[in-house]
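Report on the structure
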Amino acid sequence: GEIGSISKQTGESVQSGETIATISSSEVKKIVGYVPQPIHLEPEVGKVVEIRTRRPNSSGLFSFFGANRPVKRAKITKVSNRLEAVGSGILRSRTAYKKVLPFTIDLVDANGDPIKLDIHPGELVDIHFVGD
């Protein structure tokens, strides 16, 4: 990982449990998704999803509208047992905040090999549930 931010400088007092620095990975190993209320489709562990980047690629205008964007399939590995509030930076509707049900997707395939998806940590992606 790399140091993402430094919260304290040399000589400053630090209380127990206080953050001194944040270390971030430069590699994305999992994605956290959110299902907003009302929950019409319940995420379940093992359910297959498609992950699409939001980046336009070199194919031009059509990639801006979602055509030819990289797509990878993965499975949901964890579903939260409670709703959480998230802000407008995550939600497409741009509401101030909303209660959502978080779930996690580990970026590994059935063999345990990493799924390569050209995204940066913190980058937003679209997650689509794949029908049975």
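Preceding this section is the structure that the text describes.
Every value quoted in this text rests on a predicted model; they were computed, and no experiment measured them. For every chain, the first residue of the written sequence is number 1, and numbering continues from 1 onward in sequence order. With pLDDT at 70 or above as the cut-off, local features in this predicted model cover only qualifying residues; side-chain atom pairs require 80 or more to be listed or tallied, and sums for whole chains, interfaces and linings still use all residues. Side-chain numbers here rest on the full set of heavy atoms in the structure, without hydrogens or water.

Quick notes on the overall build of the protein chain
Strands are runs of DSSP state E lasting at least 2 residues, helices are runs of H or I lasting at least 4, and numbering of each runs from the N terminus. The number of helices and strands found in the protein chain is one helix and eight strands. N-terminal to C-terminal, the α/β element order of the protein chain is β-β-β-β-α-β-β-β-β. A simple rule labels every residue: compare its accessible area, found with a 1.4 Å probe on the protein chains alone, to the largest value its type can have, and call it buried under 20%, exposed over 50%, or partly exposed in between. Buried residues in the protein chain amount to 23% of all 132 residues. Contacts: residue pairs with any heavy atoms within 4.5 Å of one another. In the protein chain, the share of contacts with a sequence separation of at least 24, taken over all contacts with a separation of at least 6, comes to 61%. For the area figures, the Shrake-Rupley method with a 1.4 Å probe applies, and any residue is considered shielded solely by the protein chains shown. For the protein chain, the computed accessible surface area is about 9400 Å², with 51% contributed by carbon and sulfur atoms.

Looking at the layout of surface pockets
Both cavities and pockets are sets of points on a 1 Å grid over the protein atoms alone; in a cavity a 1.4 Å probe fits but cannot get out, in a pocket the set is open with protein on both sides within 12 Å along at least five of seven lines, and lining residues sit with an atom within 4 Å of a point. Grid points are joined across faces, edges and corners, and a volume is the space filled by probe spheres set on the points. Looking at the second largest pocket, its volume works out to about 170 Å³. In this structure, the second largest pocket is lined by Glu-27, Val-28, Lys-29, Leu-107, Val-108, Pro-114, Ile-115, Lys-116, Leu-117 and Ile-119.

Observations regarding the nonpolar core
We call a set of buried Ala, Val, Leu, Ile, Met, Phe, Trp, Tyr and Cys residues a nonpolar core when their side-chain atoms join them within 4.5 Å. Membership of the largest hydrophobic core comes to 14 residues, with the highest contact counts inside it found for Ile-31, Ile-51, Ile-105, Leu-107 and Ile-119. Excluding residues within four positions of it along the chain, Leu-107 makes contact with Val-28, Lys-29, Lys-30, Ile-31, Ile-51, Asp-113, Pro-114 and Ile-115.

Examining the pairing of strand β1 (residues 2-6)
Of all the five residues making up β1, zero are buried; the element is thus mostly uncovered. Only when DSSP finds a minimum of two bridges between them are two strands counted as paired. Inspection of the sheet shows β1 paired to strand β2 (residues 21-24) by four bridges, in the antiparallel sense. From the neighbouring strand, Ile-6 faces β2, where its bridge partner is Ala-21.

Concerning the packing of aromatic side chains
Whether two aromatic rings pair depends on their centres lying within 6.5 Å, for rings of Phe, Tyr and Trp, where Trp uses its six-membered ring; planes under 30 degrees apart make the pair stacked, over 60 edge-to-face, and the rest tilted. For the coordinates displayed, the defined rule picks out one aromatic pair. Ring plane angle 45° and centroid distance 5.8 Å describe the contact between Phe-103 and Phe-129, whose orientation is recorded as tilted. Placement of the pair is Phe-103 in strand β7 (residues 97-106) and Phe-129 in strand β8 (residues 125-129), with a sequence separation of 26 residues. In this structure Phe-103 comes out as buried when scored by relative accessible area, which is 2%.

Here's the deal with the pattern of salt bridges
A carboxyl oxygen of Asp or Glu within 4 Å of a side-chain nitrogen of Lys or Arg is what we treat as a salt bridge. Inspection of every chain in the model, using the stated rule, returns four salt bridges. Here Arg-52 and Glu-50 are joined by a salt bridge, their closest N and O atoms 2.9 Å apart. Shared partners join several salt bridges into a network, and the residues in it are Glu-50, Arg-52 and Arg-73.

Here's the deal with the environment of Ile-115
Counting through the fold element by element, Ile-115 comes out in the loop between β7 and β8. Not counting chain neighbours up to four residues away, the residues in contact with Ile-115 comprise Lys-72, Arg-73, Ala-74, Leu-107, Val-108 and Asp-109.

With respect to unusual backbone geometry
Between Gln-37 and the following residue, Pro-38, the backbone shows a cis peptide bond with an omega angle of -10°. In this structure, Pro-38 sits in the loop between β3 (30-36) and β4 (48-53).

Some remarks on the environment of Asp-106
Along the polypeptide, Asp-106 turns up in strand β7. A C-alpha to C-alpha distance of 4.3 Å links Asp-106 and Lys-30, two positions 76 residues apart in sequence. Residues within four places of Asp-106 in sequence aside, it is in contact with Lys-29, Lys-30, Ala-74, Lys-75 and Thr-77. There is a polar contact of 3.3 Å between the side chain of Asp-106 and the side chain of Thr-77. Two N or O atoms count as a polar contact when they lie within 3.5 Å, although within protein this holds only if one can serve as hydrogen donor and the other as acceptor, and sequence-adjacent residues are included solely when both atoms are side-chain atoms.

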